[in-house]
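Spelled out from the first residue to the last, the chains are:
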Amino acid sequence: MKKDIHPDYHEINVVMTDGTTFATRSTWGKAGDTMKLDIDPKSHPAWTGVHRLMDSGGQLAKFNKRFKDFQIKN
């Protein structure tokens, strides 16, 4: 293995959105740093199954405005 080409692999602390913490090894930050997560498996819709549709004048509103007169016949 070549010397001085690999990143420093050390232990950091991770704080989940609900406040729980755990230690893991990573190349992120410095040894002992704390990473605070904004999204994790306890809060992300992909894992929770709860999807919220929040669109304030974005793509969904633009789509609905553009195709409001388009009707699908069954």
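Scroll up to find the structure this text is about.
Residues numbered from 1 in each chain as written. Predicted model: local features only at pLDDT ≥ 70, side-chain atom pairs only at ≥ 80, totals over all residues. Heavy atoms only, no water.

Draft legend 1. Highlighting the overall build of the chain. Along the backbone of the chain there are two helices and three strands. Reading the chain from its N end, one meets helices and strands in the order β-β-β-α-α. Burial status across the chain gives 9% buried among its 74 residues. Accessible surface for the chain amounts to roughly 7100 Å². Of this, 53% is attributable to carbon and sulfur atoms. (Helix = DSSP H or I, 4+ residues; strand = E, 2+ residues; numbered from the N terminus. Buried < 20%, exposed > 50% of the residue type's maximum accessible area, 1.4 Å probe, protein only. Areas by Shrake-Rupley, 256 points an atom, 1.4 Å probe, with all protein chains shown as cover.)

Draft legend 2. Looking closely at the side chain of H10. Among the secondary structure elements, H10 is positioned in strand β1 (residues 10-15). Leave out the neighbours within four places in its chain, and H10 touches T24, R25, S26, T27, W28, G29, K30 and A31. (Contact = heavy atoms within 4.5 Å.)

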